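Residue strings, one per chain:
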Amino acid sequence: MIDPSIKGQELDSVSFPIDRSKLVELARAFHDDDATWYDLAAATEAGFSELPVPPTVSALVDHWRPGGALSTATAIGADLARVLHGEASWEYHAPVRVGDELTATSSVSDVVTREGKRGGTMTMVMIETRFTRTDGTLVVVRNDTLIETGAPA
């Protein structure tokens, strides 16, 4: 059960590199074999001055957290059998580039409880993750909504 008093709580701060090998893995995870994502010659031929970084590259942070992708749900006290990922949105402030070292700091921006359309109470937890470079430049803000569905009757 999620305690609504976690609103405003910082959950974690994790640093991770943006390197070419991870871009290959990310492209393959999306079933995209276009070498533009990981080969500088192909990227240059496609009109880029450097390797492009996919907009969802910030998702790599979940592989650097102790406990992996479920660590955020665990940190907020969610029952993992009843948690869903509701949505994600990104706000870009500066380009992310190969060679960047990013630090992702996550905190609970809001907790809302409401009745579900099919009955039962749902608790929605909004998580804001701010990604900064080592020089402190804010590059991305990612907002996620995690939903804990009501306990079965």
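This text gives an overview of the structure that appears in the document. Not measured: the values here are computed from a predicted model. (Residues numbered from 1 in each chain as written. Predicted model: local features only at pLDDT ≥ 70, side-chain atom pairs only at ≥ 80, totals over all residues. Heavy atoms only, no water.)

## A few points about the overall build of the chain
Consideration 1: Across its full length, the chain carries three helices and five strands.
Consideration 2: Element order for the chain, N to C, with α for helix and β for strand: β-α-α-α-β-β-β-β.
Consideration 3: A principal-axis box enclosing the C-alpha atoms of the chain has dimensions of 60 × 35 × 25 Å.
Consideration 4: A total of 153 residues make up the chain; the buried ones form 37% of that total.
Consideration 5: Of the contacts made within the chain by residues no fewer than 6 positions apart, 65% connect residues no fewer than 24 positions apart.
Consideration 6: Just so you have it, the chain exposes about 8700 Å², and 53% of that area is on carbon and sulfur atoms.
Consideration 7: Here the chain contributes 13 positive and 23 negative side-chain charges, whose respective centroids are spaced 4 Å apart. (Helix = DSSP H or I, 4+ residues; strand = E, 2+ residues; numbered from the N terminus. Buried < 20%, exposed > 50% of the residue type's maximum accessible area, 1.4 Å probe, protein only. Contact = heavy atoms within 4.5 Å. Areas by Shrake-Rupley, 256 points an atom, 1.4 Å probe, with all protein chains shown as cover. Lys, Arg positive; Asp, Glu negative; His and termini not counted. Charge placed at Lys NZ, Arg CZ, Asp CG, Glu CD.)

## Notes on the side chain of S71
Consideration 1: Along the chain, S71 falls in helix 3 (residues 71-75).
Consideration 2: Discounting residues that sit within four places of it in the chain, S71 has contacts with R65 and P66.

## Brief notes about the environment of I127
Consideration 1: On the secondary structure map, I127 appears in strand 4 (residues 121-133).
Consideration 2: Since its relative accessible area comes to 3%, I127 is described here as buried.
Consideration 3: I127 sits 17 residues away from D110 along the chain, and the two C-alpha atoms are 7.4 Å apart.
Consideration 4: Discounting chain neighbours no more than four positions away, the residues touching I127 are L11, T72, I76, S106, S107, V108, S109, R142, N143, D144 and L146.

## So, the nonpolar core
Consideration 1: One finds F16, I18, V57, V96, L102, F131 and V139 to be the most contacted residues of the largest nonpolar core, which totals 16 residues.
Consideration 2: Those elements that place two or more of their residues in this core are strand 1 (10-17), helix 1 (20-29), strand 3 (101-115) and strand 5 (138-148).
Consideration 3: What V57 contacts, discounting residues up to four positions off in sequence, is I18, L23, L26 and V96.
Consideration 4: Formed by 11 residues, the second largest nonpolar core is a distinct cluster that contains I76, V108, V111 and V125. (Core = buried A, V, L, I, M, F, W, Y, C linked by side-chain atoms within 4.5 Å.)

## Topic: the pattern of salt bridges
Consideration 1: Under the defined criterion, the tally for this structure stands at 11 salt bridges.
Consideration 2: The shortest N-O distance in the salt bridge between R65 and D12 comes to 2.7 Å. Of this pair, R65 sits in the loop between helix 2 (40-45) and helix 3 while D12 sits in strand 1, and the two are 53 residues apart along the sequence.
Consideration 3: Residues joined in a network through salt bridges with shared partners are D12, D62, R65, R142 and D144. (Salt bridge = Lys/Arg side-chain N within 4 Å of Asp/Glu carboxyl O.)

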